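Residues per chain are reported as follows:
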Amino acid sequence: MRGVDEQLAIIGDAIRTPEPIRVGIDDALGLMCAEEVVATRALPGFSQAAIDGYAVRAVDVGGSAGLRVKPRQAEEDGEPEHDSRPRANADRALPVVGEVPAGSQKPLRLQPRQAVRVATGAPLPTLADAVLPLEWSDRGTKRVTPQRPVASGEFVRKPGADIQPGDIAVRPRTVLGPAQIGLLAAAGRTKVLVYPRPRVTVLSFGMELVDIEREPGLGQVIDVASYVVSAAAEEAGADVHRVGIMNAEPRKMRETLAGYIGRSEMIVITGAVGGSGAQTLQEVLHDLGEIDTTRVAMHPGSVQGFGTLGEEHVPVFLLPSNPTAALVIAETIVRPAIRQALGKQSWQRPVVRARSMRAITSQPGRRGYIRARLMRDTETGDYLVEGLGGAGGETSHLFAGFAEANAMIRLPESTAEIRPGDVVDVEFLQQRG
């Protein structure tokens, strides 16, 4: 029996990251950048107001280069901080000679001892070197009286303050999140070279299977596993195509599989291990590639297989038809392969240490994966976990408990029993609510 880590290492050696493709930035979220993106223009591209107020010359409102400049956070929040500097003299009122809204393309020139009303993001008139916030004035419309001085450069976003031409906006192998997408847009890029989502084809096999549109008869079961695995693969980041139930005739199986080898980075077949019917499928698979069905020391899901198909050596995962075992294998074996193909640095889900609230049993010699509900102690902040069925118990095959689970307890091969209060490793599943 092969260890889980050994199985993951074998699979990892067979996984290849798809060749980069160029996509629109609207479709690039979550993908890994495959190029260095260099900014060709400054951001911002002109001097602009960082706050609603009046464009002024600092010297005209009692300011100087020696005054402290407000922290950037105050400017970004759109409100000036409380300021203890001396108030400006009331006799320094300035005529308001115009107004510049955001997006204005009309050039304005400020003369000494004048002010121009400006909105946040508006271009500053020529000669203006500061913005007097509304809160630091009497909000006059024809004449404005400063109530505090401002320093040169204060509440002004200068050209290139964020990005200068030639700056690296996005580096290779960066996962593109909202901020990176924004930087690409700011750099004027409508498309970007990325490593695409791996195409994962999911098929199911079994004489007893019927699809969900049909009412199962005696001896028939609904094909649940292929839906479970498809959802798990998509959640991991793959581009999933769920084919459904394969024809059990060997020639038809061969044609179906051969047709998807060239269109997939990975193939997953549920119902491909266990039972006499799966033997026929595995014979077809052996004709198309190299298949290994060595048992893996984990529970549930020890009965599984892995190999490669065709001249392209496309990885193929063989899973049981039981939905619980299929989902555990999808999370622990297939998901890391998808994440690796995406180029992610972290293949595994986050793991925390939590105190078990219940006794749990596991099969000795196998790594146990127990669906669980992870919680947080509101007073101590400690993690607490409630097992929803033991890996070695008679309910380990039941699937309904996964609907309530937000985590899996991971028990070492050497552990047969967990007592209430023992600390265990817990893997996060997808966030709920």
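Here the structure is shown first, and the text comes after it.
In this text, all values refer to a predicted model and were calculated from it rather than measured experimentally.

## A short note on the overall build of the chain
Inference 1: A tally of regular secondary structure across the chain gives 7 helices and 28 strands.
Inference 2: Among the 433 residues that make up the chain, the fraction classed as buried is 48%.
Inference 3: Intrachain contacts of the chain at a sequence separation of at least 6 include 72% that bridge at least 24 residues.
Inference 4: Counting every atom, the chain has about 20,900 Å² of accessible surface; 49% of that belongs to carbon and sulfur.

## Examining the environment of P159
Inference 1: Mapped onto the elements, P159 comes out in the loop between strand 10 (156-157) and strand 11 (168-170).
Inference 2: What makes P159 partly exposed here is its relative accessible area of 43%.
Inference 3: Here the alpha-carbon distance between P159 and L43, two residues 116 residues apart in the chain, equals 6.4 Å.

## Thoughts on the pairing of strand 21 (residues 314-319)
Inference 1: Of all the 6 residues making up strand 21, 6 are buried; the element is thus mostly covered by neighbouring parts of the structure.
Inference 2: Alternating positions in strand 21 separate into two faces, V314, V316 and L318 on one and P315, F317 and L319 on the other, with burial throughout.
Inference 3: By the bridge criterion, 4 bridges tie strand 17 (residues 266-270) to strand 21 in an arrangement that is parallel. Residue pairing across strands places I267 opposite V316, the latter belonging to strand 21.
Inference 4: Two elements, strand 20 (residues 305-309) and strand 21, share 5 bridges in a ladder whose sense is antiparallel. Residue F306 lies in a different strand from strand 21, and its bridge partner there is F317.
Inference 5: Remark: 4 residues form the turn of the hairpin made by strand 20 and strand 21, two consecutive strands paired antiparallel; G310 in that turn has positive phi of roughly 70°.

## Some thoughts on the pairing of strand 22 (residues 351-356)
Inference 1: Relative to strand 28 (residues 423-428), strand 22 runs antiparallel, the two being bridged by 5 bridges. Paired with R353 across the two strands is D425, which belongs to strand 28.
Inference 2: Direction of pairing for strand 22 relative to strand 25 (residues 383-387): parallel, over a ladder of 2 bridges. Pairing of R355 across the sheet is with L384, part of strand 25.

Procedures and definitions
- Residues numbered from 1 in each chain as written.
- Predicted model: local features only at pLDDT ≥ 70, side-chain atom pairs only at ≥ 80, totals over all residues.
- Heavy atoms only, no water.
- Helix = DSSP H or I, 4+ residues; strand = E, 2+ residues; numbered from the N terminus.
- Buried < 20%, exposed > 50% of the residue type's maximum accessible area, 1.4 Å probe, protein only.
- Contact = heavy atoms within 4.5 Å.
- Areas by Shrake-Rupley, 256 points an atom, 1.4 Å probe, with all protein chains shown as cover.
- Pairing = 2+ DSSP bridges.

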